[in-house]
Structure formats: C-alpha cells, structure tokens
Amino acid sequence: MIKNYFKIAWRNLWKEKSFTLINLIGLSTGFAITLLIVQYARFELNYENTHKNADDIVRLTVDYLDGESVVAQDSETYPPLGPLMTNELSEVVDFTRAYQIGEPKVGVLIGNKQYTVDRTYAVDSSFFKLFTYPLIHGSEKRLFQQSNEAVLTKSTALKLFNNVRIVGKTLNLKRNGRNILFKIAGVIPDSPANTHLKFNMLLSYPTLLSDPQMQEWYREKEGNWNGNNTFTYLQLAPNTDYDKFSRSLATFSEKLEREKKITNEVIIGQKIKDIHLHSRKTFEPEINGDAKSVYLLLGVALLIIVSAFVNYINLATSKALDRAKEVGIRKVAGSSKTQLKVQFLIESLVVNFIAALLAFILIWDGEHQFISISGLPKTFTLFGDLYFWLLFIALFTTGVFVSGLYPALVLSSFKPVKVLKGSFSHSGKGVLLRKGLVVFQFTVTVILLIQTFTVKQQLDYLQALDKGVNTEQIVAIETPYNKNDKAYTIFKQELLTQSYINNVSVSGTVPGQIGSEMATTTGINLSETTEEHYYNFYITKIDKEFIPLMEMQLLAGSNFDKNSVTEKNEVIVNEEAIRLWELPDPQSAIGKQIDMWNEKWTIRGVLKNYHQESPKAPFIPIIHRFKNTLSEFASIKFSGGHPKDHIKKVKSIYEKVFPGTVFSYFFLDSNYDMQLKADKRFRDVFMILTVLAIIIASLGLYGLASFTVLKRRKEIGIRKVVGASTSNVLLLLSRDFMRTVLIAVFLGVPVTYLLARNWLNNFATRIDMSWWLFVLPVLFVFVLVIIAVGIKTIKTAVTNPVQSLRNE
C-alpha cells in the first residue's frame with residue numbers, strides 16, 4: 001500500500017513538471033536560506049556562551065552626567081572598583097580587571113627578533129575563574145598572583161615560538177628602548193569568535209602595580225580614581241536578582257560621589273551576554289553587532305520559508321479541479337478520507353524531501369560564500385553542528401505538514417456525486433484564501449524591496465559623504481616601540497626626498513580610528529565660564545603638518561607654529577567642542593582659555609567638524625594638542641601613482657632607519673570602510689534575501705497565472721473570435737492580480753516605513769525617506785506582475801482560437 005502511495009505521488013508530480021519545479025525551487029531555496037540565517041543568528045545571539053559563568057558575569061561601565069542628562073557612556077572604569085565592590089556588596093563573589101596594553105599593539109622581543117602582538121591585556125588571577133579558558137600547558141595554581149607572568153594563546157605561541165610547549169620560557173616586552181622580562185606561565189586556546197573580549201596575550205595584573213617601568217607607561221594604581229582605563233567584570237552570586245543588584249549599584253555610586261571619588265558619574269552594571277548586540281558605549285574592545293539587524297534577518301528568513309510554503313499550498317489547491325475527478329473516482333471505489341489525506345501528504349513528503357536534498361546541495365556549495373558575506377569567522381562550520389541537523393529535520397518535517405496538510409484536507413473533502421456530475425467548482429472560501437496568500441507574498445516583497453532600497457541608499461550616502469578630511473592616498477605607519485626621535489627625523493627627511501611622497505606627519509591617532517584610541521577627559525570648561533559642564537572630550541596629539549596633510553579646514557585662528565619645536569599650552573579644537581562651550585562662532589573662540597588637567601590652555605584655532613569615527617556616528621568634541629616628536633603614527637601622503645609600489649619603497653627606508661622592527665601599516669580609507677563593514681554585510685545579505693523572496697513570489701505568481709490562463713482558455717478563444725485584442729485579454733487577466741497586489745502595497749508601505757525609519761535611527765547622519773524609495777519598488781512589483789501574467793497570457797492569446805474551441 002505504501003509503495004502505491006509513493007508510485008502515484010511520483011506519477012502525479014512528474015505529470016505536472018512545471019508546477020513541481022516551481023515548488024522545488026521555492027522550497028529548496030527557502031530551506032537553505034532559513035537554515036543559513038538561523039545559524040548566523042544563533043552565532044550572534046550566543047555570544048559568551050562558551051563561558052560557564054556567563055549568566056552571572058556583569059561588566060561595570062560609567063555613565064557621565066551633565067545635570068540629569070547622560071552625555072557619554074564609557075565601557076572602561078576605575079581600578080579600585082572591582083576589589084571595593086567585592087568587599088562591600090553582598091551580591092558580588094569575585095572580580096577581575098582587564099587593562100589593555102599597547103593600544104592596539106605591543107612590541108615583543110624573542111631572542112634578537114621583534115614581533116608585534118595586538119590585543120594584549122593585563123588581568124587579575126581571578127580572570128581564569130570568571131572566564132572559561134582551560135590551560136593547554138601550565139598550571140592554574142597561583143597563576144598570575146605574581147608579577148611578570150604571561151599567558152599566550154595557542155596561535156600566538158606558534159607565531160612567536162613555533163611551539164606550544166613553552167611554559168618557563170621568557171619574552172621581552174619592548175617599549176621606548178627598554179625591555180621588561182616576562183616568564184611564560186601557560187598556553188590557552190584562542191579566544192572564541194563569539195566573545196566580546198578577544199585577546200592574544202595576557203599579562204599578570206600585579207606587574208602594572210609593581211614594575212616601575214610599567215607604572216611609568218600606564219600609570220595603573222590600585223587607588224587610581226583619576227583614570228578609568230580598565231575593563232572591570234564582576235561575578236554575581238547564583239540567582240542574584242539583577243534589578244536589586246542595579247539598585248545596589250546606584251546606592252554605591254551615590255556613596256562614591258559623597259566620598260569625592262567620582263563626580264557627576266554613575267556606575268552601571270551590564271550583563272556580558274548583552275554587550276555584543278546591545279552595547280554602544282565608548283572604548284568597547286571591538287565593534288559590536290546590532291540586535292535589530294539580527295532580528296530583522298531572522299524575520300526575513302521566516303517570511304521567505306513561509307512564502308515557499310504558500311506557493312505549495314496555492315498551487316496545490318488551485319489545481320483542485322484537475323484532481324477532483326480523481327478524488328471522486330477513488331471515493332466511489334472505496335477510498336476513505338484518511339487514505340486520501342495520506343496520499344496527498346505523501347506527495348508533499350516527496351516534494352519536501354527532494355527540496356531538502358537540493359537545499360543541502362545549495363548550502364554545501366555556498367557555505368564559504370555565506371560565511372564571507374555574513375562576516376562569520378572562517379572557523380565557523382555548519383555541518384559539524386548538531387543543532388544544524390536538528391533544525392534541518394525540524395524544518396523538513398514542518399514543511400511536509402504545513403505545505404501538505406491544508407491541500408490534503410481540501411482535496412479529500414470533495415463530494416463524489418458533485419464531482420462526477422461535473423457540477424463541482426472552486427469555493428468562494430478557497431479563492432479568497434489563495435488571494436489572501438498572494439497578498440501575503442507580495443506584501444513581503446514590497447516590504448523587502450523598500451527596505452533594500454533604503455539600506456543601499458543610506459550606505460551609498462555615507463560612502464559619498466564629505467568626512468571633513470581627505471584620506472585618499474594616505475598610509476599610516478605604526479611607529480616603532482623604540483621611540484627614537486632622531487631616527488624619526490632621518491626617516492622623515494629621507495621620505496620627503498622621494499618624488500612620490502607629498503608630506504609626512506606624526507600624530508597620536510589618525511582619522512577613521514574609533515574613539516577608544518584617543519584619550520578622554522570630562523569637565524573641560526572655558527576659564528571664564530560661570531556654569532560648569534561635564535561633557536566628554538577627546539584629546540589627541542598632532543604636529544604642524546597634520547592639518548594640511550589631512551586637508552582639514554581651519555574656520556578660525558591658525559595652525560601650530562611651523563617653526564616651533566617645543567610644546568606649548570595651546571590647542572586647536574573642532575566645531576563640536578565650541579558648540580558644547582556655547583560659543584556663538586569659531587572666531588569668538590580664538591584666544592579664549594580652557595581649564596584642562598589643572599592647567600590653562602589657549603585656543604589657537606578651530607577646525608571644521610570632521611568624522612574621526614565612522615560617518616554613521618555623531619561628531620565628537622576633539623581637542624588637538626601640539627607634539628612635534630614621534631607619536632603612535634606617521635602618516636604619509638602619496639602624490640599619485642600606485643600605492644602598493646610606494647609601500648614597498650617606504651618599507652625599505654623604514655627597515656634601514658629602524659632595523660629589527662616590524663613594519664606595520666594601513667590605509668586611512670580602510671579604517672572608515674572597516675567601521676561600515678558590518679552595515680555593508682547587512683546590505684549584501686539583505687539584498688540576496690530580497691532577490692530570493694522576489695524569485696519565490698514570482699514563481700508562485702507565474703504558476704497561478706498559468707493555471708488561471710489554462711482554466712480560461714476557452715473564454716480567451718471566444719473573446720478572440722468576437723474581436724478582442726491580445727492587449728484586451730492581457731488587461732482582463734491581469735486585473736485581478738493587480739487588485740491583489742494593490743492591497744499588498746497598501747499593507748506593505750506603512751509597515752516598511754516604520755521598519756526603515758527604525759533602522760535609520762541607528763545613524764547620526766542619515767538620508768531623508770524620499771517618495772521614490774516607495775514608488776520605485778511599487779512600480780517594480782507591478783511590472784513583475786505584468787511580466788509573470790503576460791508571459792503565459794500572451795502565448796495563449798496569440799494562439800489560433802480554433803485550437804481552444806474545436807472540442808465545443
């Protein structure tokens with residue numbers, strides 16, 4: 001019996017090849033996309049799950065207040081907070097701190113060879129209790145309780161020593177011509193891809209407190225309430241009431257303010273599982289993701305698979321008349337309703353099974369491309385994940401029942417007497433359902449198209465936006481950790497003799513770097529002010545060539561003195577800074593003094609606002625100090641030609657002047673691109689999903705149009721005989737579909753307007769939602785309908801009417 005079910009199913013599916021093909025394309029694409037997007041979302045939503053204590057770990061952050069307003073949020077805090085809270089708050093059972101060393105890289109000397117290592121942190125011994133990092137080599141006993149100990153990740157150990165059995169060996173941390181010796185105490189696995197605090201090397205926190213050179217470089221002290229440069233994590237007692245803990249933090253902040261340890265600040269707790277998708281604070285250790293984008297992609301994936309199921313239901317029920325006589329004869333011959341339902345469900349099983357196999361092939365073939373487009377780590381794997389297979393089976397099972405159950409119920413319920421008498425016709429409810437499903441599909445299409453147009457337009461706008469700085473043909477070289485000003489002078493002079501180099505400048509940061517690469521200070525006010533504010537200002541060091549090299553625009557005042565060789569208490573600020581100081585215009589700021597670090601500084605010039613960070617971020621208040629000696633970066637402006645060829649020549653000069661050091665560089669354009677990378681990935685993935693949704697909807701529409709034309713073939717023949725033109729017939733058959741799509745437009749436009757506006761709110765600089773963002777997608781949908789309906793209609797309309805009427 002079962003064998004017969006499958007035989008009949010195969011025969012019916014083979015007989016209706018075009019309808020079967022439409023269903024297979026829709027279902028296989030829907031399966032593949034849904035599986036890929038769900039796995040991507042799982043990765044994003046499961047950040048920190050590798051740490052067994054993740055549910056109980058909280059990161060401390062600081063909110064800066066100006067009156068009642070929060071003016072900035074900082075993810076770094078003060079060194080004493082961790083130990084103090086562990087002693088005073090009953091909810092806290094342990095703490096650890098992480099202080100970044102190098103920002104972003106440190107020089108490491110192994111024998112006579114120098115390397116650079118990025119993402120280096122000094123941490124407390126309790127770090128390995130809070131976070132799950134089992135040692136590959138070494139012992140956890142008394143780990144990091146002593147100073148001058150280091151733990152390397154596996155990949156860093158292989159990079160530096162070409163071996164992981166290195167416990168007991170030493171390395172030198174190199175800076176300003178001096179070395180600090182560290183003993184390697186352990187090797188641990190690399191940081192997982194889904195954790196916000198990734199690192200390559202860890203140093204013992206006690207080194208910051210006991211080694212004179214480390215204290216000189218980083219000024220980290222247990223009692224330091226003047227500098228918040230430390231990530232602080234607390235482990236809460238199991239089952240802690242988080243709301244109660246938040247109230248305890250607020251009370252604790254009030255106590256610190258009374259004790260004059262903090263001013264106009266509030267200490268905030270943040271669950272570490274919320275950091276990646278929900279945190280937008282300054283000085284984050286990495287660029288975080290976006291929960292809205294993840295949920296939006298999940299929603300689109302759901303709509304695509306539902307749209308594929310809708311196609312199957314629509315096509316299966318629309319062919320009810322073709323199957324009606326079959327059902328009637330089967331019932332007369334003794335088939336029960338249950339047997340008929342099983343028959344139609346098995347047809348659904350066969351289609352879904354083949355679709356699942358095709359989906360597997362699509363995923364297998366496109367896995368690497370998807371990983372690249374979505375920004376997932378290269379180590380990410382789909383087929384080795386048990387959840388992937390469980391989801392695969394669940395999706396297939398759901399497909400069988402969701403797409404097959406309704407057609408089975410409809411087709412098995414036909415009355416054999418009516419069917420065999422020829423008086424059976426489609427019910428009004430069935431027609432209404434199919435129209436409703438088509439409305440759903442095209443509502444989804446309209447929403448996705450408008451959203452795609454909006455995303456593309458916004459990112460194109462940001463790409464073309466005047467950043468206030470010209471970064472073309474500029475390369476930034478990370479200066480050697482052995483800061484030798486004499487060597488830099490030689491390096492600069494030799495560079496300027498090259499015909500392909502326009503200018504050279506040194507600075508603490510370069511445009512395009514995130515704000516966490518800059519120093520920040522609150523409470524900088526005009527000396528003459530009577531009302532103090534506590535805004536957060538960003539401070540960087542530049543030389544006199546920096547402004548002309550970056551082609552920044554001075555609105556008032558002057559650049560630093562070209563003949564000056566000493567640092568003065570003079571600053572150049574940007575427009576955002578004078579706006580916060582409530583000065584009416586740039587010219588009025590010149591010559592005024594500000595109070596910074598218990599000293600008076602004179603405003604020498606005002607720069608037009610430029611985007612230090614991504615163009616999507618708001619302008620930040622920047623104060624530029626003068627520094628004529630070697631800083632973190634040397635920026636080189638090429639005068640033309642091929643930058644890659646120029647880089648090779650610069651490298652040879654660098655290695656000659658700074659022997660034994662690592663040459664590291666990046667183009668400034670790439671910095672801006674990096675900060676928009678996540679948005680570009682979202683755009684690419686969203687566009688692909690939209691195209692697939694359109695294909696699925698179009699296939700379904702084409703199938704329904706084919707069926708409609710087939711059923712009205714004789715009517716078309718009669719109309720042709722009495723003089724109707726092909727365009728008349730096309731208009732007649734398109735009218736119903738047009739009405740349906742019009743309803744979809746009225747439903748989709750308000751929904752997508754809200755979605756698009758909500759997404760645009762993530763950007764400080766954004767486009768206006770112009771009328772064409774809605775009109776063009778709508779026109780596109782109408783053209784799509786005309787094409788899908790027209791292909792079949794025109795073919796039938798131009799056929800000789802005799803062919804359709806000869807049997808009458």
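Residues numbered from 1 in each chain as written. Predicted model: local features only at pLDDT ≥ 70, side-chain atom pairs only at ≥ 80, totals over all residues. Heavy atoms only, no water.

A. Layout of the overall build of the protein chain. Across its full length, the protein chain carries 26 helices and 23 strands. Evaluated residue by residue, the protein chain yields a buried proportion of 54% over its 808 residues. Counting contacts in the protein chain only where the partners sit at least 6 residues apart, residues at least 24 apart contribute 80% of the total. As displayed, the protein chain offers around 36,400 Å² of accessible surface, 55% of which is attributable to carbon and sulfur atoms. (Helix = DSSP H or I, 4+ residues; strand = E, 2+ residues; numbered from the N terminus. Buried < 20%, exposed > 50% of the residue type's maximum accessible area, 1.4 Å probe, protein only. Contact = heavy atoms within 4.5 Å. Areas by Shrake-Rupley, 256 points an atom, 1.4 Å probe, with all protein chains shown as cover.)

B. Geometry of helix α2 (residues 17–45). Taking 1.5 Å as the rise per residue, α2 with 29 residues should run 42 Å; its terminal C-alpha atoms sit 41 Å apart, in good agreement. Within α2, 23 of the 29 residues are buried, which leaves the element mostly enclosed by the surrounding structure. (Expected span 1.5 Å × (residues − 1).)

C. Molecular detail of the pairing of strand β8 (residues 178–188). Pairing geometry for strand β5 (residues 137–138) and β8, over 2 bridges, is antiparallel. If you follow His137 over to β8, its bridge partner there is Val187. Strand direction decides the pairing type here: strand β6 (residues 149–153) and β8, joined by 5 bridges, are parallel. Bridging from a neighbouring strand, Glu149 pairs with Lys183 of β8. (Pairing = 2+ DSSP bridges.)

D. Highlighting the pattern of salt bridges. A complete count under the given rule lists 20 salt bridges for this structure. The salt bridge involving Lys492 is made with Glu545; its shortest N-O contact spans 3.2 Å. Here the residue Lys492 occupies a position in helix α16 (residues 485–496), and Glu545 occupies one in the loop between β16 (536–542) and α17 (546–550), the gap between them amounting to 53 residues. Taken as a pair, Lys492 and Glu545 share a single burial class, namely buried. (Salt bridge = Lys/Arg side-chain N within 4 Å of Asp/Glu carboxyl O.)

E. Focus on unusual backbone geometry. One non-glycine residue, Glu48, lies in positive phi territory at about 75°. As for its placement among the helices and strands, Glu48 is situated in the loop between α2 and β1 (57–66). Assessed through its relative accessible area of 0%, Glu48 is described here as buried. Of note in the backbone geometry, Phe283 takes a positive phi value of approximately 65° without being a glycine. By secondary structure assignment, the location of Phe283 is in the loop between α9 (272–278) and α10 (291–318).

F. Quick look at the environment of Ser348. Within the fold, Ser348 resides in helix α12 (residues 337–374). Through-space distance from the C-alpha of Ser348 to that of Val400 is 5.5 Å; in sequence the pair is 52 residues apart. Contacts of Ser348, omitting those with residues within four sequence positions, involve Tyr312, Gly399, Val400, Ser403 and Gly404.

G. Region of interest: the nonpolar core. Grouped together as the largest cluster of nonpolar side chains are 90 residues, with contacts concentrated most on Phe31, Ile37, Leu297, Ile363, Phe442 and Leu689. If you list the elements that add at least two residues to this core, you get α2, α10, α12, α13 (386–412), α15 (428–464), α22 (677–711), α24 (726–760) and α25 (772–797). The contacts of Leu297, once residues within four sequence positions are left out, are Ile37, Tyr40, Phe682, Val685, Phe686 and Leu689. Core analysis: the next-biggest nonpolar cluster, separate from the first, contains 26 residues, Phe161, Phe182, Ile184 and Leu208 among them. (Core = buried A, V, L, I, M, F, W, Y, C linked by side-chain atoms within 4.5 Å.)

H. Structural detail: a nonpolar patch on the surface. Nonpolar side chains collect at one region of the surface, where Leu21, Ile25, Val691 and Ile695 lie side by side and expose about 320 Å² of accessible area between them. Elements supplying a minimum of two residues to the nonpolar patch: α2 and α22. One can find Ile695 in helix α22. What makes Ile695 partly exposed here is its relative accessible area of 39%. (Patch = residues over 30% accessible without salt bridge, like charges linked within 9 Å, V, L, I, M, F, W, Y side chains within 5 Å.)

I. Just the packing of α16 against helix α20 (residues 643–657), in detail. Two elements in contact, α16 and α20, have axes separated by 10 Å at closest approach and are oriented at 155°. Of the possible angle classes, the one that applies to α16 and α20 is roughly antiparallel. Judged by the sense of rotation from one axis to the other, the crossing of α16 with α20 is right-handed. Two secondary-structure elements touch here, α16 through Ala487, Ile490, Phe491, Glu494 and Leu495 and α20 through Val650, Ile653, Tyr654, Lys656 and Val657. (Axes fitted to C-alpha atoms, helices over the stretch in contact; angles between N-to-C directions. Parallel < 35°, antiparallel > 145°, perpendicular 65-115°, else oblique. Left-handed = near helix turned anticlockwise from the far one by under 90°.)

J. Structural context of the packing of helix α3 (residues 81–88) against helix α8 (residues 242–258). In contact at an axis separation of 12 Å, α3 and α8 are set at 115° when each is read in the N-to-C sense. Seen along the crossing, α3 lies across α8 with a hand that is right-handed. Counting all contacts with α3, which are made through Leu81, Leu84, Met85 and Glu88, the residues of α8 involved are Leu249, Phe252, Lys255 and Leu256. Partitioning the contact of α3 with α8 into residue classes produces 6 nonpolar, no polar and 2 charged. (Nonpolar A, V, L, I, M, F, W, Y, C, P; charged D, E, K, R; others polar.)

K. A look at the side chain of Thr752. Positionally, Thr752 belongs in helix α24. Residue class for Thr752 comes out buried when judged on its relative accessible area of 0%. What Thr752 contacts, discounting residues up to four positions off in sequence, is Ile447, Ile450, Gln451 and Phe774.

L. Summary view of the packing of aromatic side chains. Summed over all chains, the structure comprises 38 aromatic pairs. Taking the centre distance of 5.4 Å and the plane angle of 85° together, the rings of Phe383 and Phe388 count as edge-to-face. Here the two residues Phe383 and Phe388 agree in accessibility, since each one is buried. Feature note: the residues Phe127, Phe128, Phe131, Tyr133, Phe144, Phe199 and Tyr233 constitute an aromatic cluster, connected by ring pairs. Here the guanidinium or amino end of Arg42 rests over the ring plane of Tyr387, the centre of that ring lying 3.9 Å away. (Phe/Tyr/Trp six-rings, centres within 6.5 Å; stacked < 30°, edge-to-face > 60°. Lys NZ or Arg CZ within 6 Å of the ring centre and 35° of its normal.)

M. Broad picture of helix α21 (residues 668–675). Within the sequence span of α21, burial applies to Leu668, Asn671, Tyr672 and Gln675. Looking down the long axis of α21, one finds its buried residues gathered within 90° of arc, a one-sided arrangement. (Arc of directions from axis to C-beta.)

N. View of the side chain of Thr479. Relative to the assigned elements, Thr479 resides in the loop between β12 (474–478) and α16. According to the relative accessible area criterion, Thr479 is buried, its value standing at 7%. With sequence-adjacent residues up to four places away left out, Thr479 is seen in contact with Leu630, Ser631, Glu632, Phe633, Ala634 and Tyr654.

O. Main features of the pairing of strand β4 (residues 113–123). With respect to burial, β4 is a largely interior element, 8 of its 11 residues being buried. Sheet topology places β4 next to strand β9 (residues 201–204); 4 bridges connect them, and they run parallel. Considered in β9, the bridge of Tyr121 is made with Leu202.

P. Examining the environment of Pro615 more closely. Take Pro615: it is sitting in the loop between β20 (599–607) and β21 (622–626). Residue Pro615 is classed as buried on the basis of its relative accessible area, which comes to 2%. When the C-alpha positions of Pro615 and Ala764 are compared, they lie 8.0 Å apart, and in sequence the two are 149 residues distant. Sequence-distant contacts of Pro615, defined by excluding residues within four places in its chain, comprise Leu462, Leu465, Lys467, Tyr672 and Thr765.

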